[in-house]
Amino acid sequence: MDALCRAEPRPRRPAAASPLPWARFSAWLDCVCVVTFDLELGQAMELVYPYDFRLTEKEKTSICYLSFPDSYSGGLGDTQFSFRLRQSGGQRTTHYEDDGEYNREAPLTLQRESAHYFGYVYFRQVKDSSMKRGYFQKSLVLVSRLPYVNLFQSLLQLIAPEYFDKLEPCLEAVCNEIDQWLPPVPGQTLNLPVMGVVIQVRIPSRVDKPGSSPVKQFNQENLLPAPLVLPSVHELDLFRCFQPVLIHIQMLWELMLLGEPIVVMAPSPTVSSEMVLALTSCLAPLKYCCDYRPYFTIHDSEFKEYTTRTQAPFLLFSLSRPNIVVGVTNPFFIKTLQHWPHILRVGELRMSGDLPKQVKVKKLNKLKTLDTKPGIYTSYKTFLHKDKTLIKRLLKGIQRKRPSEVQSALLRRHLLELTQSFIIPLEHYIASLMPLQRAITPWKNPPQIRPFRQEDFMKTLEHAGPQLTCVLKGDWLGLYRRFFRSPNFDGWYRQRHKEMTQKLEALHLEAICEANIVAWMKDKSEVEIVDLVLKLREKLVRARCQHLPVKEETLQRVGLYIETIIDSLPEDLQTVLHHH
């Protein structure tokens, strides 16, 4: 490692040398930031790399505040945590140009963000007599649009300690190494060399079976030294994150499913960010479509937006409340956010040989300004009955000293089955709204998808509801009715409707290919034939731009059909259409 960091960094490639300098780097990261503490300025941006990456002043300010603990921490040493930041200043071009293909193949929960950055932080605070404050305080921050928390935090563990010792030349060398990595391709296992270590990861794909174990190792025989194999790029240790709330896991799942506003009050950014990310992951494979901030500070530009909306009486607030989960550490938030309907207060996470002390559900009026007791402060009543079997299985695992990753897998499987039991009836119903294939004819626009009628769906639950796959009893109908009012339903429905519309377009193109185009043209006027050419061209462009699920062979046949039709027309029209 030392040899690498002492080596001269590869010189920055001039823009002319490649049409897309830093293209491979920006497939993974947007930039790397170094934030330090300045006596006069407070947190200050010391470095952004690559040097030509442009953050707005608002983004720089937010990153500076989000990269340090918000409340005073006397603890010395290294801390890792994550944040999520709204992009400001509109859309920007990126060195990496393949967002569309990655997002089409990646699971919905792991798509590249278009309007937010993730920040992965490694903060160091140690005594240093050479500094005016007597402390060395600095953060190394990886800024990315990918929610690969496990990969990037593991990467920071390798590079941050070296960077704090050797500074900028080391960082340039690491960034140049990352610029040699192959881009993340869903379904592929990649070997990512950095600082003498090879990190091996598999990038999840949309076609993976939910809950299946990733390939642990791949192509290792030629790798020396043996690679650092990460079981997942994104999955946290759920059992550790949820240990103080295991008996309330179903309540938290319902709150997340319904997009309810939740504040996580934690003693540190690490606990805060891990708990928020664990909560947002517990709906997988359903995408959590609300906003979330794993770590949020009083200096955040959106602080007023979230606090002023909550100062109104609860009834008024319930009409305009933000659908967001925020993680905070500053005690000041107890007062400013005490009107929020659901507040989860947790202490430090400590793994012990017994079931960790479980927080209690308490009424909101019990949340006092100086009350520091952990608990879930809410008046929410769950729709489903508690699953005592899960707790018994986890308890048995603790007694048998089952590894945390096994307990996490058990917990993740439980949440997956719960989500699937809820979502499968919706999938069956929406599939029934798709027109029959025989209704799709080549010379008419494809038929419309029938509208989603909530009452019609509710009628299907008696015979095809969640009770077929889930043993939990309770008010499933009431849960669905609340779900229909949430951003998560809206996001799910829009995505499924988009996929079905694209499927209809694809089936229509296939129907056109199988039709006898010459026979159709026999009794048609030139106006009708030209109109068909223009429509087919438009369909061809849309199919390629939207990457419809159509074989390339089908698209080529449509192209040949267009040429056949044009060749049948008079020469003057042929000339016009060839130039159109």
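Residues numbered from 1 in each chain as written. Predicted model: local features only at pLDDT ≥ 70, side-chain atom pairs only at ≥ 80, totals over all residues. Heavy atoms only, no water.

- The name that an unreviewed UniProt entry assigns to the chain is Protein DENND6B isoform X1, with the source organism given as Apteryx mantelli.
- The record held by UniProt for the chain lists under Sequence similarities (unreviewed entry) the comment "Belongs to the DENND6 family." (UniProt positions renumbered as here; feature names shortened; annotations may be inferred.)

Considering the pattern of salt bridges
Stage number 1. Under the criterion given, the structure shown has 23 salt bridges.
Stage number 2. Across the pair R206 and E499 runs a salt bridge whose closest N-O atoms are separated by 3.8 Å. With R206 in the loop between β7 (197-202) and β8 (228-229) and E499 in helix α17 (residues 487-514), the pair connects residues that are 293 residues apart, well separated along the chain.
Stage number 3. In this structure, E274 and R240 form a salt bridge, with 2.8 Å as the shortest nitrogen-oxygen distance. One end of the pair, E274, is in helix α9 (residues 269-281); the other, R240, is in helix α7 (residues 238-241), with 34 residues separating them in the sequence.
Stage number 4. Among the charged side chains, a salt-bridge network with shared partners connects R84, E113, D291 and R293. (Salt bridge = Lys/Arg side-chain N within 4 Å of Asp/Glu carboxyl O. Helix = DSSP H or I, 4+ residues; strand = E, 2+ residues; numbered from the N terminus.)

Things to note about the side chain of Q153
Stage number 1. Among the structural elements, Q153 can be located in helix α5 (residues 149-166).
Stage number 2. Classification of Q153 as buried rests on a relative accessible area of 11%.
Stage number 3. Beyond its immediate sequence surroundings of up to four residues, Q153 is in contact with Q80, F81, S82, Y120 and V121. (Buried < 20%, exposed > 50% of the residue type's maximum accessible area, 1.4 Å probe, protein only. Contact = heavy atoms within 4.5 Å.)

Some remarks on the nonpolar core
Stage number 1. Formed by 118 residues in total, the largest nonpolar core has its most connected members in W28 and F242.
Stage number 2. The element best represented in this core is α5, accounting for 10 residues.
Stage number 3. Grouped together as the second largest cluster of nonpolar side chains are 25 residues, W520, I529, L536 and V558 included. (Core = buried A, V, L, I, M, F, W, Y, C linked by side-chain atoms within 4.5 Å.)

Topic: α5
Stage number 1. In this model α5 runs 25 Å from its N-terminal to its C-terminal C-alpha over 18 residues, within 8% of the 26 Å that 1.5 Å per residue would give.
Stage number 2. Within α5, the axis deviates most sharply at I159, by approximately 35 degrees, and proline P161 lies no more than four positions further along.
Stage number 3. For α5, the buried fraction is high: 13 of the 18 residues fall into the buried class.
Stage number 4. Phi turns positive one or two residues past the end of α5, at L167, with a value near 60 degrees. (Expected span 1.5 Å × (residues − 1). Bend = angle between axes of the 7 residues up to and from the residue.)

Looking at the environment of D70
Stage number 1. Its place among the elements puts D70 in the loop between α3 (57-66) and β3 (77-86).
Stage number 2. The contacts of D70, once residues within four sequence positions are left out, are Y295, F296, T297, I298, H299, T329, N330 and F333.

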